[in-house]
Amino acid sequence: MKPHQSRFLDLALDRQVLRFGQFTLKSGRVSPYFFNAGLFDSGAALGTLGKCYAEALDDAGLQFDMLFGPAYKGIPLATALAVAMACRGRDVPVAFNRKEAKAHGEGGSLIGAPVRGRVLIVDDVITAGTAIRESIGIIRAAGGEPCGVLIALDRQERGQSGDLSAAQEVTAEFGLPVIAVAGLDELLAHADERPQVAAHKDALVSYRAAYGSRR
């Protein structure tokens, strides 16, 4: 496991972003773990998370011109990454959308930098891929071109149909790479280092056997 992946998982566990138990997902599956990025709710937590995002992006070597954060959770995540990148010497434009367009003030549904060039979408997880599909449409309508998706955690479980994960479905449908800071594989590997994960490893392995992507 890479250092930034270990730091990310430790942060998620310490902030209780990553919890264990029985959680019914939107898909109806009962999962032994749940990831709530909304609990990255302090400056220090977002600062560390932004650095983890930046290092995952470095590893991927993806070329991009700006960041886009889908409302709502993607907004602080893209912002945290932009700040982390600025601290590393690259000042990257960032934009995000509103859920409802404003008819007054500056108007419109987009806030931030003009959407142009190669646009990287930054979010927490991909479940059904709905937010990503909406983001792709928004970016293209504004004159930009989506070039990839960066997420915090890849659950690596089957998506809407077939054997592909939700992340793999996005790649297959749109031709966009999906980069994750860490996935279920890294979480299982981390079980040997964190007793709080080790206690749930059997349940995680069983869940992956039942619902994990086949490719």
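The structure this text deals with has already been given above.
Residues numbered from 1 in each chain as written. Predicted model: local features only at pLDDT ≥ 70, side-chain atom pairs only at ≥ 80, totals over all residues. Heavy atoms only, no water.

Peer 1: Help me out: how do you make sense of the packing of helix α2 (residues 43–60) against helix α3 (residues 74–87) in this one?
Peer 2: Packed helices, taken two at a time, are described by the angle between their axes plus the distance between the axes. Running from N to C, α2 and α3 cross one another at 75 degrees; their axes reach a closest spacing of 8 Å. With respect to their mutual orientation, α2 and α3 come out roughly perpendicular. On α3, the residues that touch L46, L49, G50, K51, Y53, A54 and L57 of α2 are P76, L77, A80, L81, A84 and M85. In terms of residue class, the contact of α2 with α3 is built from eleven nonpolar, one polar and one charged. (Axes fitted to C-alpha atoms, helices over the stretch in contact; angles between N-to-C directions. Helix = DSSP H or I, 4+ residues; strand = E, 2+ residues; numbered from the N terminus. Parallel < 35°, antiparallel > 145°, perpendicular 65-115°, else oblique. Contact = heavy atoms within 4.5 Å. Nonpolar A, V, L, I, M, F, W, Y, C, P; charged D, E, K, R; others polar.)

Peer 1: Can you walk me through the pattern of salt bridges in this structure?
Peer 2: Side chains that carry opposite charge are capable of pairing whenever their charged atoms lie near each other. Evaluation of the coordinates by the stated rule reveals twelve salt bridges. The shortest N-O distance in the salt bridge between D41 and R15 comes to 2.5 Å. Here D41, found in the loop between β2 (30–35) and α2, pairs with R15, found in the loop between α1 (3–14) and β1 (18–24); they are 26 residues apart in sequence, far enough to count as distant. R15 gets classed as partly exposed once you look at its relative accessible area, which sits at 32%. Through salt bridges that share partners, D10, D14 and R194 make up one connected network. (Salt bridge = Lys/Arg side-chain N within 4 Å of Asp/Glu carboxyl O. Buried < 20%, exposed > 50% of the residue type's maximum accessible area, 1.4 Å probe, protein only.)

Peer 1: Explain the side chain of E157 here, please?
Peer 2: By secondary structure assignment, the location of E157 is in the loop between β7 (145–154) and α5 (166–174). There is a polar contact of 2.7 Å between the side chain of E157 and the side chain of R29. (Polar contact = N/O pair within 3.5 Å; in protein donor to acceptor, adjacent residues only side chain to side chain.)

Peer 1: What exactly am I supposed to notice about the packing of α1 against α2 here?
Peer 2: Two elements in contact, α1 and α2, have axes whose closest approach is 9 Å; the angle formed by their N-to-C orientations is 150 degrees. As judged from the angle between their axes, α1 and α2 are roughly antiparallel. Crossing of α1 against α2: the hand is left-handed. Residues H4, R7, F8 and L11 of α1 touch α2, and the partners they reach there are A45, T48, L49, C52, E55, A56 and D59. Grouping the constituent residues of the contact of α1 with α2 by class yields six nonpolar, two polar and three charged. (Left-handed = near helix turned anticlockwise from the far one by under 90°.)

Peer 1: Looking at this model, I keep getting lost on the pairing of β7. Mind explaining?
Peer 2: For a regular strand, the rule is simple: side chains alternate between the two faces of the sheet. Among the ten residues that make up β7, nine are buried, leaving the element largely enclosed by the rest of the structure. Judged from the five bridges that link them, β7 and strand β8 (residues 178–183) form a sheet pairing that is parallel. Bridging across to β8, L150 finds its partner in I179. (Pairing = 2+ DSSP bridges.)

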